[in-house]
Amino acid sequence: MAAPEFDVIVVGAGAAGLAAAQALRDANANLLLLEGRDRLGGRVWTNRNLPNLTLDLGASWIHGTSGNPLMDLARRFNVQTARTDYESLWRYDAGGNELSDRADESLDNRFSELMSAVRRQRDGMQDDISLQTALDQVLSGAQLSTEEQRELDYALNTEVEHEYAADSSDLSLKFWDQGEAFNGSDVLFPNGYDQLFLPLTDRLDIRMNQVVQRVAYGSNGVTITTNQATFTAQKAVLTLPLGVLQRGSVAFDPPLPAAMQTAIRRMGMGLLNKLYLRFPTAFWPEEPHLFGYIAERKGEWAEWLNLAKYGDAPVLLGFNAGSYGRRLEGLTDTQTVAAAMTVLRTMFGSSVPEPEGFLISRWAADPFAGGSYSYLRPGGSPDDYDTLATPVNNQLFFAGEATSRDYAATVHGALLSGQRAARQVQGKN
Ligand SMILES: Cc1cc2nc3c(=O)[nH]c(=O)nc-3n(C[C@H](O)[C@H](O)[C@H](O)COP(=O)(O)OP(=O)(O)OC[C@H]3O[C@@H](n4cnc5c(N)ncnc54)[C@H](O)[C@@H]3O)c2cc1C
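Computed from a predicted model, the values in this text were never measured in an experiment.

### Examining the pairing of strand β16 (residues 290–293)
- The side-chain alternation of β16 yields two buried faces, one formed by Leu-290 and Gly-292 and the other by Phe-291 and Tyr-293.
- Of the strand pairs in this sheet, strand β7 (residues 89–92) and β16 are connected by four bridges, and their pairing is parallel. Bridged to Tyr-92 within β16 is Tyr-293.

Below you can see the structure in the form of structure tokens.
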């Protein structure tokens, strides 16, 4: 049997794969990086298709700048950042009327009281239930007006469901907000998130359009079969997203350990989608960073980022998560833009012009992602992240946001997991 061609094969050129490959390259490993798509970055997807615009269809922000390893990269590569002020938010009711300061404050107070009651309820709780079930229990008997119900749905959707990319009925009450966070503000990149990662590709042997279909491991090393070729190595770092593992589009021989298969099934792969709209001019108020829309139906076009704050371009970015995000993926581009425009015209008046251009993400339908990022369902456990991160046979080393117990669902979590996998490959901890 011939010796394996490579010391290590890294699968996936997102944040985790590029971080792992860079660390292994620095350790002088004979290394190959395989990527299924025709672009780098994975769920960091900077798109420059619209003239003179740089728009991120995946991650936008560094969440928490203090001590965040991504800030080191931003400084090292001299990348311009811009802070988002989440307090700079103007909200509109379902009829398009802007909320008064008093109504704004009252909404925030009622929501924070409700969430405190929900947190008290989970203390000492035995069996896990969903966050929504807990909310229903806390609110049972309360006589909410239509407006109050809409406001509550709006706050829950924008503050919880958008962050965790899942409906409250899918989130574990016990663990939906587990994990760690860096302090400091959130910053985004007016000239693209990919500026942090493209320099990491230096001196790497990266083969694009190599869709991994099978990973075999055992006494002969690791054999990876793609749609184009077969490669062998002593070890592999696999950064396949949870959504890809759940779809079973990569076969493992022998199959992955039972505990890992259980964790893969039990964890949730969430959905957050983006729609960018570019207009001839900015018709919306200049001042706020964000606009909120308290829709009649929960979760529909509730959050908008004013991109004109970060550059000159008259661009708005709408977010949708969970089940509504999924429903939108079934619509055509024209239908999606029309749905968004109905809301914008309700908020800003019937004379709002048609957009000159748009970009739509559909992360659930993407075969290389299968969703946006991971979350914990009722009955799940933070241990599932550790299970996914456990090396198999000292040959397969897993990385990616869904293997990061402390920082799941983030770019920094993915980056740190890639560095961890590189250490494990070298027998370090
Ligand atoms: C809409 C959206 C907004 C987000 N916002 C933020 C944010 O503001 N801040 C933040 O910190 N995080 C955010 N995230 C999360 C963040 O983008 C991810 O956690 C992170 O980028 C994941 O990196 P990764 O390396 O684990 O996975 P990925 O980036 O998905 O990398 C995996 C790679 O494997 C490749 N691959 C998959 N299957 C195969 C196969 N069969 N063969 C070969 N290659 C394959 C993929 O193409 C991909 O390049 C957001 C995500 C989305 C989708």
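### Some remarks on the site of the ligand
- Around the ligand lies a shell of 37 residues, among which Glu-35, Arg-43, Trp-61, Val-212 and Val-411 are the nearest.
- In the environment of the ligand, an oxygen atom lies 2.9 Å from a nitrogen or oxygen atom belonging to the side chain of Arg-37.
- Contact between the ligand and Val-212: a nitrogen atom at 2.8 Å from a main-chain N or O atom of the residue.
- In the complex, 98% of the free accessible area of the ligand, which totals 1000 Å², lies under the protein chains.
- Each residue belonging to the shell around the ligand can be placed in one class, and the counts come to 20 nonpolar, 13 polar and four charged.

### Overview of the side chain of Ser-404
- For Ser-404, the location among the structural elements is in the loop between β21 (396–398) and α11 (411–425).
- For Ser-404, the contacting residues outside a window of four places in its chain are Tyr-385 and Gly-413.

### Digging into the pattern of salt bridges
- Under the defined criterion, the tally for this structure stands at 22 salt bridges.
- Asp-194 is paired through a salt bridge with Arg-48; the nearest N and O atoms lie 2.9 Å apart. With Asp-194 in the loop between β8 (186–188) and β9 (206–207) and Arg-48 in the loop between β3 (46–47) and β4 (55–56), this residue pair connects regions lying 146 residues apart in the sequence.
- Overall, the relative accessible area of 11% leaves Asp-194 in the buried class.
- In this structure, Arg-214 engages Asp-253 in a salt bridge whose closest nitrogen and oxygen atoms are separated by 2.6 Å. With Arg-214 in strand β10 (residues 212–218) and Asp-253 in strand β13 (residues 251–253), this pair connects stretches of sequence that are 39 residues apart.
- Relative accessible area serves as the criterion here: at 36%, Asp-253 is assigned to the partly exposed category.
- Taken together, the shared-partner salt bridges connect Arg-91, Asp-104 and Asp-108 into one network.

### Re the packing of aromatic side chains
- In this structure the tally under the stated criterion is 16 aromatic pairs.
- Taken together, the ring pairs connect Tyr-92, Phe-279, Phe-283, Trp-284, Phe-291 and Phe-348 into an aromatic cluster.

### Focus: helix α5 (residues 146–164)
- Given a rise of 1.5 Å per residue, 19 residues ought to cover 27 Å, and the 26 Å separating the end C-alpha atoms of α5 matches this to within 8%.
- For α5, the principal kink sits at Asn-157 and spans about 35°.
- For α5, the complete set of buried residues consists of Glu-151, Leu-152, Asp-153, Tyr-154, Ala-155, Leu-156, Asn-157, Thr-158, Val-160, Glu-161, His-162 and Tyr-164.
- Looking one or two places after α5, you find Ala-165, whose phi comes out positive at around 60°.

### Some thoughts on the sheet that holds strand β17 (residues 303–306)
- Taken together, the six strands give an open sheet; going across it, the order is β7-β16-β17-β18-β15-β19, and neighbouring strands pair in mixed fashion. Every interior strand has two partners, whereas the edge strands, β7 and β19 (357–360), have only one. Neighbour-to-neighbour, the strand axes of this sheet turn through a mean angle of 20°, independent of strand direction.
- Strand direction decides the pairing type here: strand β15 (residues 272–278) and β19, joined by four bridges, are antiparallel. Residue pairing across strands places Arg-278 opposite Gly-357, the latter belonging to β19.
- The strands touched by helix α9 (residues 333–348) within the sheet are β7, β15, β16, β17, β18 (315–321) and β19, with β15 carrying the most contacts at an inclination of about 70°.

### Some details on the domain arrangement of the protein
- Splitting the protein by domain gives domain 1 (6–44 + 197–269 + 375–425) and domain 2 (85–184 + 272–360).
- Put simply, the middle of domain 1 and the middle of domain 2, counted by C-alpha atoms, are 33 Å apart.
- For the domain 1 and domain 2 pair, buried surface summed over both sides reaches about 1100 Å², with 61% attributable to carbon and sulfur atoms.
- Per-residue buried area on domain 1 facing domain 2 is highest for Tyr-375, Pro-378 and Tyr-407; these three make up 43% of the total on that side.
- Counting every contact that joins domain 1 to domain 2 gives zero salt bridges.
- Inspection of the domain 1/domain 2 interface yields four residue pairs in polar contact (both at pLDDT 80 or more).
- Residues that form the side of domain 1 that touches domain 2 fall into these classes: seven nonpolar, four polar and three charged.

### Things to note about the sheet that holds strand β5 (residues 61–63)
- Sheet architecture is open: three strands sit in the order β5-β8-β6, paired in antiparallel fashion. Two strands bound the open sheet, and with one partner strand each, they are β5 and β6 (82–83).
- Looking at chain direction, β5 and β8 are connected through three bridges and run antiparallel. Considered in β8, the bridge of His-63 is made with Asp-186.

Cut-offs and rules
Counting from 1, residues in each chain are numbered in the order their sequence is written. Residues qualify for local features only when their pLDDT is at least 70, as the model is predicted, and side-chain atom pairs are given and counted only at 80 or more; totals for whole chains, interfaces and linings, by contrast, use all residues. Processing note: side-chain calculations cover all non-hydrogen atoms of the structure and skip hydrogens and water entirely. Any residue under 20% of the maximum accessible area for its type is buried, any over 50% is exposed, and the rest in between are partly exposed; the area is computed with a 1.4 Å probe on protein chains only. Here a helix means four or more residues in a row that DSSP labels H or I, a strand means two or more in a row labelled E, and each is numbered from the N terminus. Pairing between two strands requires that DSSP report at least two bridges joining them. When at least one non-hydrogen atom of a residue lies within 4 Å of a molecule or strand, that residue is treated as near it. Under the rule applied, a polar contact is a pair of N or O atoms within 3.5 Å (in protein, one hydrogen donor and one hydrogen acceptor; residues adjacent in sequence only if both atoms are side-chain atoms). All accessibility values rest on the Shrake-Rupley procedure with a 1.4 Å probe; residue burial counts only the protein chains present in the view. Each residue gets one label: Ala, Val, Leu, Ile, Met, Phe, Trp, Tyr, Cys and Pro are nonpolar, Asp, Glu, Lys and Arg are charged, and the others, such as Gly, are polar. Here, two residues are considered to be in contact whenever any of their heavy atoms come within 4.5 Å of each other. The term salt bridge refers to a pairing of a side-chain nitrogen on Lys or Arg with a carboxyl oxygen on Asp or Glu at a separation within 4 Å. Ring geometry is summarised as follows: Phe, Tyr and Trp rings, the Trp one being its six-membered ring, pair when their centres sit within 6.5 Å, and such pairs are stacked at plane angles under 30 degrees, edge-to-face over 60 and tilted between the two. One less than the number of residues in a helix, times 1.5 Å, gives the span that helix is expected to have. Note that the bend at a residue is defined as the angle between axes fitted to the seven residues ending at it and the seven residues starting at it. Helix axes are fitted only over the stretch in contact, all axes being lines through C-alpha atoms; the angle between N-to-C directions runs from 0 to 180 degrees. Each domain's extent is set by a domain assignment, obtained either automatically or from a database. The term buried area means the drop in 1.4 Å probe accessible area that two parts suffer when joined, counted for both and summed.

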